[in-house]
Amino acid sequence: MATSRAFTQCRLRPLHVYPSRPSTQSTAPHSRNSPIRAHRPMSVMSRSYQDALQKLAELQSNRTVTQLFGSTPEQSNAKARDLNAVAIPEVIRWLGRAGYSTDDLCRMRHIHVAGTKGKGSVCAYATSMLRRYGAVGTYTSPHLVSPRERIAIDGEPVSQELFAAAFFELWDRFTEAARREGRDAAAAEGPGSKPFFFRFLTIMAWHIFLGRGVRNVVMECGIGGEYDATNVLPARAVSAAVISQLGVDHVAMLGDTVEKIAWHKAGVLKDGVKGFTARAEPSVMSVLRQRAAEKNATLVEVDPDEVAAWRGVEGNLKGGFQKMNQALAVLAVREHLNMGGGGWEDLPDEMASGLREATLRGRCEVVHDGERTWLLDGAHTRESLAEVARWLRENVQEGQEVVLVFNQQERNAGELLAVFLREVSKVTGWEVFKSAVFTRNELKGGGDGDVAVQEGAAKTMRDVVPACDTAVFDNVEDAVLHARNLVRNKAEGKVLVTGSMHLVGGVLRVLEPDGLL
């Protein structure tokens with residue numbers, strides 16, 4: 001969505017500006033089944049959507065939880081074993097406090113999606129296809145602008161009214177459960193008696209889908225698979241599983257090799273259920289096959305060469321890599337709909353339209369802001385950033401300059417940036433970035449102001465591309481305004497935003513202040 005709002009131009013002073021140096025090279029709870037009520041007045045607190053957001057923000061965050069594992073595998077091995085061992089039993093207990101059991105989840109049929117890269121796209125494709133055949137609920141993470149994005153029905157985020165009603169119904173159920181367990185009134189009412197952020201919203205998604213009679217669900221894992229909150233799903237509740245492309249990510253929680261990570265992701269495989277994955281290197285496939293055998297699941301391995309030879313379906317989600325995501329989604333949807341053993345080539349019109357019209361914010365997204373064009377992709381791994389480099393090449397003319405806005409708060413930002421810059425140089429052959437902006441992901445006043453990570457990334461930029469001017473900010477708003485100023489007088493000013501989905505979400509909130517709340 002483009003924004004037409006006029007923004008006041010002003011001179012900004014970034015925290016740090018580094019001019020380029022001369023370059024010597026030219027390249028660069030209640031009844032279990034009770035329906036959701038639209039509103040239930042209570043004297044103790046307001047029940048508006050904004051109140052729900054405020055309460056949601058009080059819950060223990062995902063980042064806080066991931067930090068419990070430590071920052072390296074060495075620090076986290078023992079912690080991970082202990083925390084993982086209790087994860088699924090804890091979620092089942094929270095589900096019970098909300099008035100549900102895992103049997104209730106079997107009233108829905110889920111396509112369960114895990115993976116490192118592409119799982120968001122697989123969910124988008126599967127949702128877009130399934131909605132042609134009936135109502136479908138989708139649960140994904142993270143959100144870019146609004147937490148409502150995580151819970152969608154027929155591809156649209158739930159309304160503010162529905163979100164608030166469902167949120168407070170669950171809040172009350174958890175409060176009442178805490179009182180039954182002996183907590184005093186204040187403690188029972190507070191956030192300490194509630195599951196952390198991701199678990200709360202996972203249970204809330206099921207609460208909404210069951211309350212609205214949704215029976216077809218596409219559900220994306222948060223982190224991993226084996227111990228992810230979504231994996232309380234019993235086999236009877238899962239119609240198909242997907243393991244999208246694997247890579248090294250969330251090392252402290254999942255391990256520092258693709259093989260270790262594959263073990264976790266394969267946790268979504270279920271007894272008697274087909275799981276679909278792209279054939280990968282032998283060591284990874286050995287892990288996936290062993291896990292499938294342990295779980296009595298059928299592992300369907302998709303040949304990348306066969307998918308590469310397929311034309312795919314050209315649509316809103318760009319990039320040649322999307323063909324594999326399309327193929328995995330088609331196979332999962334066919335299985336979900338009991339359509340037999342067909343593949344991805346001879347598609348019913350409904351499925352082809354679904355692939356064509358699928359959308360996913362923050363992935364290869366183009367936003368026009370007056371004379372400027374913003375290229376947005378939340379890639380945050382080596383492999384996905386390499387894909388962004390190729391996508392960038394498709395969106396620039398020979399010799400065209402682009403302003404880079406980059407951040408990666410939780411990984412080795414400098415290392416990832418260097419890999420990305422080398423890939424850009426390889427696919428373009430010229431110095432695309434003459435200016436780069438490094439920023440934290442928060443809006444003004446939303447962070448602690450520490451920009452050490454950003455300063456380190458800026459140094460990497462100057463080392464790799466000496467002719468590039470760099471600037472560092474501690475908030476997205478100032479960073480966006482600075483980038484706007486940099487391309488203000490260019491005929492076709494383009495800005496690439498990448499490195500973090502959280503960064504892309506922050507930038508979208510600035511570009512579209514009247515958008516989704």
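What counts, and where the lines are drawn
Counting from 1, residues in each chain are numbered in the order their sequence is written. The predicted nature of this model means local features are confined to residues of pLDDT at least 70 and side-chain atom pairs, given and counted, to a pLDDT of 80 or more, with totals for whole chains, interfaces and linings taken over all residues. As a convention, hydrogens and water are excluded, and side-chain values are obtained from all of the structure's heavy atoms. Under this scheme, a helix contributes an axis fitted over its contacting stretch, all axes are lines through C-alpha atoms, and angles between N-to-C directions fall in the 0 to 180 degree range. We count a stretch as a helix when DSSP gives it H or I for four or more residues in a row; a strand needs E for two or more, and each element gets its number in order from the N terminus. Working rule for angles: under 35 degrees goes down as roughly parallel, over 145 as roughly antiparallel, 65 to 115 as roughly perpendicular, anything else as oblique. Crossing handedness is defined as follows: a turn of the near helix away from the far one that is anticlockwise and smaller than a right angle gives a left-handed crossing, while the clockwise case is right-handed. Residue contacts are defined here by distance: any two heavy atoms, one from each residue, within 4.5 Å place the two residues in contact. UniProt positions are given in the numbering used here, feature names are shortened, and annotations may be inferred rather than shown by experiment. A simple rule labels every residue: compare its accessible area, found with a 1.4 Å probe on the protein chains alone, to the largest value its type can have, and call it buried under 20%, exposed over 50%, or partly exposed in between. By this definition, two strands are paired if DSSP reports at least two bridges between them. Whether a crossover is right-handed depends on one test, that the path from the first strand over the helix to the second runs clockwise when the strands point away from the viewer. Take the buried residues of types Ala, Val, Leu, Ile, Met, Phe, Trp, Tyr and Cys, join any two whose side-chain atoms come within 4.5 Å, and each joined set is a nonpolar core. Under the pairing criterion, centres of Phe, Tyr and Trp rings, with the six-membered ring standing for Trp, must be within 6.5 Å; the plane angle then separates stacked pairs below 30 degrees from edge-to-face pairs above 60, leaving the rest tilted. By definition, being over a ring means that NZ of Lys or CZ of Arg is both within 6 Å of the ring centre and within 35 degrees of the ring normal.

Draft legend 1. A look at the packing of helix α6 (residues 160–180) against helix α8 (residues 197–211). The N-to-C vectors of α6 and α8 enclose an angle of 115°; their axes lie 10 Å apart at closest approach. Between α6 and α8, the angle is such that the two are roughly perpendicular. Seen along the crossing, α6 lies across α8 with a hand that is right-handed. Contacts from Leu 162, Phe 163, Ala 166, Phe 167, Glu 169, Leu 170, Trp 171, Arg 173 and Phe 174 in α6 reach Phe 200, Leu 201, Ile 203, Met 204, His 207 and Ile 208 in α8.

Draft legend 2. Seen up close, the UniProt feature "binding site: Mg(2+)" (unreviewed entry) in the protein. Sequence positions flagged by UniProt for "binding site: Mg(2+)" (unreviewed entry) are, in local numbering, Ser 141, Glu 220 and His 250. With respect to the element layout, Ser 141 can be found in the loop between β3 (136–139) and β4 (151–153). Among residues more than four places away in sequence, those in contact with Ser 141 are Arg 150, Phe 198, Glu 220, Cys 221 and Gly 222.

Draft legend 3. Main features of the pairing of strand β14 (residues 469–473). Taken across its five residues, β14 has four buried, putting it largely inside the fold. As judged from the five bridges shared by strand β13 (residues 435–439) and β14, these two strands associate in the parallel manner. Bridge pairing in β14 links Val 437 to Ala 471. Considered for its hand, the β-α-β crossover made up of β13, helix α17 (residues 452–464) and β14 is right-handed.

Draft legend 4. Representation of the nonpolar core. Ranked by internal contacts, the top residues of the largest apolar core, which has 47 residues, are Met 204, Ile 208 and Phe 209. Among the elements of the structure, α1 (49–58), α3 (73–97), β4, α6, α8 and β6 (216–220) are those that each provide at least two residues to this core. Counting 34 residues, the second largest nonpolar core, distinct from the first, contains Cys 123, Ala 124, Met 129 and Val 333.

Draft legend 5. The arrangement of the packing of aromatic side chains in detail. Tallied over the entire structure, the rule returns 12 aromatic pairs. A centroid spacing of 6.4 Å and a plane angle of 55° characterise the contact between Trp 310 and Trp 344, whose relative ring orientation is tilted. With a gap of 34 residues between them, Trp 310 in the loop between α12 (304–309) and α13 (322–336) and Trp 344 in the loop between α13 and α14 (349–357) connect regions that are remote in the sequence. The class for Trp 344 is buried, based on a relative accessible area of 10%. Through a chain of ring-to-ring contacts, three or more aromatic side chains come together here, namely Trp 94, Phe 167, Phe 168, Trp 171, Phe 174 and Phe 200. The ring of Trp 171 has Lys 194 lying over it, and the distance from NZ or CZ to the ring centre is 4.4 Å. Residue placement shows Arg 291 over the ring face of Trp 263; its charged tip is 3.9 Å from the ring centre.

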